[in-house]
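Here's the letter readout for the chains.
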Amino acid sequence: MTKVYNFSAGPSMLPQAVLKQAQAEMLDWQGSGMSVMEMSHRGAEFMSIAKTLHDDLRELMAVPDNYQILFLQGGATAQFSFIPANILGDKHKACYINTGAWSEKAIKGAKSYCDVVVSATSEANNFTSIPERSTWNIDEQAAYLHYTPNETIHGVEFQDIPDVGDLPLVADMSSNILSRHIDVSKFGLIYAGTQKNMGPAGAAVVIVRDDLIGKAQKSLPDIFNYEKQAKQESMLNTPATYTWYLVGLVLQWLKAQGGVAAIEQINQRKAKSLYAAIDQSALYSNPVAVADRSRMNVPFILSDDTLDKAFLSTAKEQGFLALKGHRSVGGMRASIYNAMPESGVEALIQFMAEFERTH
Ligand SMILES: Cc1ncc(COP(=O)(O)O)c(C=O)c1O
């Protein structure tokens, strides 16, 4: 097989070891005679997969006992609407921090359910930095404050958890969950699509504090109701069984790497070397404020954009895939999630230097 490095923003590369294990177990999961895809979700085999999945995520993120872990369908996008529908209760407003395209989508989703107070925005500088906490305008009457810790398209990441007093903090961690240590107890709700740091597409994880459950709007379908799903262990209907299984394998892989603390160090090193290579080059540049740069998604532009096509095609020929930036911002983007080995980032840096030397 050709050796490639896949820098896709998501769905994105999975650890080789996970793919190999899934391949080995494809036809016969642990002597059951069945593929995981063929199992009843109520059967003992799948129930054990589901239990290990939940236990491992709780352990890896040190999720306290007063939080429920849900795996729901509809991706992170469904949560843009179902968060307000579940947790507004008798409140009519929610605060949102706008740091880019994904924040904007979350705001749009919430607007069908409540008044949105945009407490801060970095739109004026094209989402290349995070608004200073001291400038945020927080409405104490709001039900919660939502932010996007890592903006996948713009490559902007919060390095710390913002202090918002008693307001429940809600975070879309789709593109940085499990990439760095976070204290779950500082959040009211964390959610993420599975298709970046956790596995393939097909589910969204929602980690929600008990006191935010049980106030859903009556019109909300049961399968999106956190209380009802929590009671049924996210199996109110048939879950995305194969996705759950693969996420479970990714979590076991992460535990074998030493968990979140160990992968965080690797992620720090990968991002540091790639940004250093970009910063010292005359051809490449990254527009994001240094303190707010993402460790997961590294956008960069070429000073001569007539070279974009040649850059992408040469990269592809040499096995560096999916480096094209999001269509809304152009340029390039290297997504370097947990599964991207350090050797992949080092190889990319060498390729970029060689391309610069020859063009
Ligand atoms: C930060 C962020 N939020 C939400 C989404 C949407 O996720 P989904 O496609 O699972 O709905 C993405 C997808 O890339 C994302 O990066």
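Residues numbered from 1 in each chain as written. Predicted model: local features only at pLDDT ≥ 70, side-chain atom pairs only at ≥ 80, totals over all residues. Heavy atoms only, no water.

Labelled according to an unreviewed UniProt entry, the chain appears under the name Phosphoserine aminotransferase, originating from Methyloprofundus sedimenti. Quoted verbatim from the Subunit (unreviewed entry) field of UniProt, the annotation for the chain is "Homodimer." (UniProt positions renumbered as here; feature names shortened; annotations may be inferred.)

**Q** When you look at the domain arrangement of the chain in this model, what are you seeing that I'm missing?
**A** How big an interface is tends to be reported as the loss of accessible area on association of its parts. Segmenting the chain into domains produces domain 1 (5-16 + 258-358) and domain 2 (27-256). Between domain 1 and domain 2, the C-alpha centre-to-centre distance is 26 Å. Taken together, the contact between domain 1 and domain 2 spans 31 residues of the former and 29 residues of the latter. Taking both sides of the interface into account, the surface hidden between domain 1 and domain 2 amounts to around 2400 Å²; carbon and sulfur atoms contribute 56%. Where domain 1 meets domain 2, there are zero salt bridges. One can count 20 residue pairs in polar contact (both at pLDDT 80 or more) joining domain 1 with domain 2. Every element with two or more residues in the side of domain 1 that touches domain 2 is listed here: helix H7 (259-279) and strand E12 (297-302). Of the residues forming the side of domain 1 that touches domain 2, the biggest block, six residues, is contributed by H7. (Domains from an automatic or database assignment. Contact = heavy atoms within 4.5 Å. Buried area = accessible area lost by both parts, 1.4 Å probe. Salt bridge = Lys/Arg side-chain N within 4 Å of Asp/Glu carboxyl O. Polar contact = N/O pair within 3.5 Å; in protein donor to acceptor, adjacent residues only side chain to side chain. Helix = DSSP H or I, 4+ residues; strand = E, 2+ residues; numbered from the N terminus.)

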